[in-house]
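Chain and residue survey
Here is what each chain is made of, one letter per residue.
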Amino acid sequence: MEKKYRICTKCLMDTTVPDIHFDQNGECNFCKDYTNRITKDLYYDSSGQTGLENLIAKIKKSGAKNDYDCLIGISGGVDSTYVAYLVKRKYGLRPLAVHLDNGWNSELSVANVEQIVKRLDIDLYTHVLDWEKFKDLQISFLKSSISNIEIPTDHAIWAVLVRTAAEKKIKYIISGNNIVTESIMPESWLYGSKDARLITGIHRQFGHFNYKSFPKLSTLNYIDYLLLRGIRWIPILNYVPYVKQEAKQIITEELGWRDYGGKHYESIFTRFFHAYYLPRKFGYDLRRSYLSALILSGQMTREEALHEVEAPPAPAEQLQEDRDYVIKKFGLSTEEFEKIMMNPTKLFSDYPNNDALWHSLDWFVKAARQRIIRVK
Ligand SMILES: [Zn+2]
């Protein structure tokens, strides 16, 4: 029997999430998780501020003899751009910026990244993936019919950051991950990107090349880099009041940043993933999760968000254009592509993965989080 459609009375999450549930007031489990997380992982009360100041002093001291005292990832999107601004201009740190070129950057994002590092006078290291091999890996994910076909890119970004930090002996990675705009993401929608075994498994099944040089982190690497070598990850936007509109205004005025018209739309593949692939193949609209986080953090009313989500994720011509671009860049025929889109959807658990191992390492993740993030 078809499940009856239902939407949370507080946010925008609805029964397109397979495992959503509601309480007697009609509020969903994601709203509850959100409340838990902001009390645990947000630090911008006064003790958090002192903690942050102490932390900044510590970062400066630890890197005093180095060319750089911290590492930041830069995509050209709002979050990472604002992090670059905060780190350099507001806190006076000496970051090295790392950018991953996976072959899909839009012209605007390239222009934004150039502008940002120039205006802030930050050194930039761009890691360029081997396109022919990365293409083979991305097509493998498309053929696997799992929802999160961005896993290879997300994994590579994190791996390049951690490896660069280790190589250059930089202890702190300051990232733009944050609770107020991205904390609501059902695992049933998107399985996370830390699982190197899933990447290898899917590539082996559907790919043609061996891609040894792909930036990967095994579970052992995580333990080695994060626990033994003590590289620390600081989601700095959880330590400051992060209001997206204000951040946009600041980076536009101060850094000449230009808007893409959608979260994570700086990459053409990501836009295709959000606006075309997920809605068409899975019926998932990730805007529900981003907008819900904005509602719960008080940056938008539910009515405004509902209005926004009613419009299509991108104009029809844009969707068609992106689809055609993806087909051409992958060198697929339209028939091949349509066949992939029509294939039954799969779960990550249909492929080799380390989910059970990660769950058994829960204590480690928690311990690492305590050690890495908590500064109060
Ligand atoms: Zn809710």
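A few points on the structure. As the structure is a prediction and not an experimental result, all values here were calculated from the model. (Residues numbered from 1 in each chain as written. Predicted model: local features only at pLDDT ≥ 70, side-chain atom pairs only at ≥ 80, totals over all residues. Heavy atoms only, no water.)

Let us look at the side chain of Ser267. In this fold, Ser267 is placed in the loop between helix H10 (244-255) and helix H11 (268-282). Engagement of the side chain of Ser267 in a polar contact is seen with the backbone nitrogen of Phe269, the distance being 3.2 Å. (Helix = DSSP H or I, 4+ residues; strand = E, 2+ residues; numbered from the N terminus. Polar contact = N/O pair within 3.5 Å; in protein donor to acceptor, adjacent residues only side chain to side chain.)

Within the largest apolar cluster, 113 residues are counted, with the highest numbers of intra-cluster contacts made by Met13, Cys28, Ile174, Ile236, Phe272 and Tyr277. No other element matches H11, which puts nine residues into this core. If we ignore the near neighbours within four places in the chain, the residues touching Cys28 are Cys8, Cys11, Met13, Ile20, His21 and Phe22. If you look at the next biggest cluster of nonpolar residues, it comprises seven residues, including Leu291, Leu294, Ile295 and Met300. (Core = buried A, V, L, I, M, F, W, Y, C linked by side-chain atoms within 4.5 Å. Buried < 20%, exposed > 50% of the residue type's maximum accessible area, 1.4 Å probe, protein only. Contact = heavy atoms within 4.5 Å.)

All right, on to the environment of Ser218 then. Tracing the backbone shows Ser218 in the loop between helix H8 (196-206) and helix H9 (219-228). Spatially, the C-alpha atoms of Ser218 and Thr252 are 38 Å apart, while their sequence positions differ by 34 residues.

So, on to unusual backbone geometry. With phi around 60°, Ser145 is a residue other than glycine that occupies positive phi space. A relative accessible area of 2% places Ser145 in the buried class. In this structure, Lys169 takes a positive phi of about 55° despite not being glycine. Residue Lys169 is classed as exposed on the basis of its relative accessible area, which comes to 68%.

Further remarks concern the coordination of the zinc ion. At this site the zinc ion is bound by Cys8 (SG), Cys11 (SG), Cys28 (SG) and Cys31 (SG), with donor distances of 2.3 Å. Between the four donor atoms coordinating the zinc ion, the angles at the centre fall across 105 to 118°, so the site counts as tetrahedral. Take Cys8: its relative accessible area is 0%, and that puts it in the buried class. Residue Cys11 is classed as buried on the basis of its relative accessible area of 0%. (Donors = N, O, S within 2.8 Å, 3.2 Å for Na, K, Ca; no water. Tetrahedral: all angles 85-135°; square planar, octahedral: opposite > 155°, others 65-115°.)

Under the counting rule described, the total for this entry stands at 23 aromatic pairs. The interplanar angle of 5° and the centroid separation of 3.6 Å between the aromatic rings of Tyr191 and Phe348 together place this pair among those described as stacked. Note that Tyr191 is positioned in the loop between helix H7 (179-182) and H8 and Phe348 in the loop between helix H15 (334-342) and helix H16 (355-360), a separation of 157 residues in sequence. When the centroid spacing of 5.4 Å and the interplanar angle of 35° are considered together, the rings of Phe282 and Tyr284 count as tilted. Summarising the burial analysis for this pair, Phe282 and Tyr284 share the class buried. One Lys or Arg, Lys194, reaches over the ring of Trp358 and ends 5.0 Å from the middle of that ring. (Phe/Tyr/Trp six-rings, centres within 6.5 Å; stacked < 30°, edge-to-face > 60°. Lys NZ or Arg CZ within 6 Å of the ring centre and 35° of its normal.)

In spatial order, the strands read E3-E2-E1-E4-E5; together these five strands make up an open sheet with parallel pairing. Two strands bound the open sheet, and with one partner strand each, they are strand E3 (123-128) and strand E5 (232-235). The average angle at which neighbouring strand axes cross in this sheet is 30°, direction not considered. Pairing analysis gives four bridges linking strand E4 (residues 172-175) to E5, with the strands arranged parallel. When the bridges of E5 are listed, Ser175 appears paired with Pro235. (Pairing = 2+ DSSP bridges. Axes fitted to C-alpha atoms, helices over the stretch in contact; angles between N-to-C directions.)

What follows deals with helix H14 (residues 316-330). Between its first and last C-alpha atoms H14 spans 21 Å; for 15 residues at 1.5 Å apiece the expected length is 21 Å, and the two agree. Residues of H14 that are buried sit in contact with helix H5 (131-144), H11 and H15. Downstream of H14 by a residue or two, Gly331 has a phi angle that is positive, lying close to 70°. (Expected span 1.5 Å × (residues − 1).)

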